[in-house]
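# Structure at a glance
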Amino acid sequence: MLNLGSATLKAAWYAGFDPQPDRRPVPVRHIDVGLAAGDDADARLASAIDALAFPGRPAWVGHRFVHGGDAVQARALDAAELARLQRLALLAPLHQPPALALVRAVSQRWPHTRQYAAYDTAWHRGLPENARRLPVPQEWHAWGVRRYGFHGLAFASAVRELSRADSEIGDDRIVLAHLGGGASLCAVRAGNSLDTTMAVTPLDGVPMTTRSGSLDPGALLYLLRHGMTVDSLQEGLYRRSGLRGISGETGDVRRLLASAAPSAALALDVFALRIAQAVAAMATRLGGIEHLVFSGGIGARSAPVRSAIVAYLAWLGIGLDEAANSRGSLRIEASASRARVWRVDVDEAAEIARECRQAHSAAG
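Here is what the cut-offs are and how they apply
Residues numbered from 1 in each chain as written. Predicted model: local features only at pLDDT ≥ 70, side-chain atom pairs only at ≥ 80, totals over all residues. Heavy atoms only, no water. UniProt positions renumbered as here; feature names shortened; annotations may be inferred. Helix = DSSP H or I, 4+ residues; strand = E, 2+ residues; numbered from the N terminus. Buried < 20%, exposed > 50% of the residue type's maximum accessible area, 1.4 Å probe, protein only. Contact = heavy atoms within 4.5 Å. Expected span 1.5 Å × (residues − 1). Salt bridge = Lys/Arg side-chain N within 4 Å of Asp/Glu carboxyl O.

You'll find the chain entered in an unreviewed UniProt entry as Acetate kinase, with Lysobacter firmicutimachus given as the organism. Heading Subcellular location (unreviewed entry) of the UniProt record for the chain holds this comment: "Cytoplasm". Comment text from UniProt for the chain, heading Function (unreviewed entry), reads "Catalyzes the formation of acetyl phosphate from acetate and ATP. Can also catalyze the reverse reaction."

Shown next as C-alpha cells:
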C-alpha cells in the first residue's frame, strides 16, 4: 500500500490481507520514507521498495488519493479513472500530481500489476445536503464547487479504533480531530460523516502547519488585484501560511513549543483556538458531543497542543486528566469531563488495503 504525503511516502506490504473489520491487519513490513526536494516518482518508489525489501512482483497495489471527487468507493486505476483524477489535480496540487506520478512509476516497474485507489473524499459520501452545498451560484455548484471533505481514511481508522476499544459506542456523537501537516475535523454519528471542516480542497478549514485554512475570500481578491500571480498565491497559501506564516519561522509544532519567540506562542494559541472553535461547530451539527478524538502527527503526539485545545472547551464541560494526557494514554479525559477524550493512532495503510482489496475482488 502506498500513501504519498507532501513530505513522506508511507508504504506497507501485506501478505494474505485479512479484511475482517474487527481485526487489525498486520503488515509484513511498513516504512516511512522521507522525501527530499526534487525527488521524482521513480526515486520515491525505489526508496520504498528497497526499504520494504519486497520480493518479486505484488499481486496488486493500492494507493491513497486525497481527492476522489464524487467517487464513493475505491476504484481500479484504468485509463479513464486516471484521466478523471488528473482533472481533479488543481483541487489538490500538493498531493494529486505526485500521486499520479507514483502510479505511472509502478506501471513502469510492474506493467502487469493491477492498481487501485482509495479516496479520502469517499468517507464523506453521505454528507447531508446542507453540509455539502456551499453558498455559491448554482452554476459554480454544477462545476463541482461543493464540500467534499478529506482525511477520510484517517477518520475511518479512528472510528474503527474506537469501536475496538468500546463496542458500545454505537450511535454516540463523536468529533474527530485529525491534526497533522494537514488538519481537519469531522462530526460522526453511527459511523457516518455529517459535517467536516474542509470543503472543495484540502486548503480549507482550520489553520495547518503551512496551509492557511479558511480565509476571507476578499483578501485573496485583494492580493490578486495588487499584482500577486495565481501561482505565487497558491505557493503562499499552501506552503508559507498557517503556523509557519504566523510564527515567521516554522510550522513544526515541536520547534514552536521549544521556541521563546512571542510569534511562536501566538501561532500555537491561534491553532488551539481555531481547533476548539471547530470542535464546537462539529458538536453543533451533532446536537452535542460524547467523544472527542485526537489523531494525526500533532493530535496523537503533542500533549501540550491537546491540553491547549481542551482548555478552550472547558465551557462545554470537557477536561483532561493531564497525567494521562502526558503519558499519551488511549483515554485522557478527567473524571468529571462530560465527554470522553481519546488519543488514537490511526492506520491509513490498513484502510487503503481494506478498500482496495474490495475493488480488486470485484474486478475478478
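There's plenty left to go through after this.
A few words now on the UniProt feature "active site" (unreviewed entry) in the chain. What UniProt calls "active site" (unreviewed entry) maps, in this numbering, to Asp120. Examined against the element boundaries, Asp120 turns out to sit in the loop between β6 (114–119) and α4 (129–132). You can call Asp120 buried: its relative accessible area is 0%. When sequence neighbours within four positions are dropped, the list of residues in contact with Asp120 reads Arg64, Phe65, Val66, Gly149, Phe150, His151, Gly152, Leu153 and Ala154.

Sites flagged by UniProt as "binding site: Mg(2+)" (unreviewed entry) map to Glu348. If sequence neighbours within four positions are ignored, Glu348 has contacts with Asn3, Arg64, Leu153 and Ala154.

Before going further, it helps to examine helix α3 (residues 96–109). In a regular helix each residue adds 1.5 Å, so 14 residues correspond to 20 Å; α3 covers 20 Å between its end C-alpha atoms and thus fits that length. Residues Gln96, Pro98, Ala99, Leu100, Leu102, Val103, Ala105 and Val106 constitute the buried set of α3.

Take the pattern of salt bridges next. This structure, assessed with the given rule, holds 15 salt bridges. Between Glu81 and Arg84 there is a salt bridge; the shortest N-O distance is 2.8 Å. In this pair, Glu81 and Arg84 both sit in helix α2 (residues 79–87), three residues apart, roughly one turn of the helix. What makes Arg84 buried here is its relative accessible area of 16%. Close ionic contact of Glu235 with Arg239 constitutes a salt bridge, the shortest N to O distance being 3.6 Å. Here Glu235 pairs with Arg239, and both are found in helix α8 (residues 230–239), just four residues apart, close to one helical turn. Using a relative accessible area of 37% as the deciding quantity, one classes Glu235 as partly exposed. Of the residues examined, Arg239 reaches a relative accessible area of 39% and is grouped as partly exposed. Look at the salt bridges and you will find they share partners, linking Arg75, Glu81 and Arg84 into a network.

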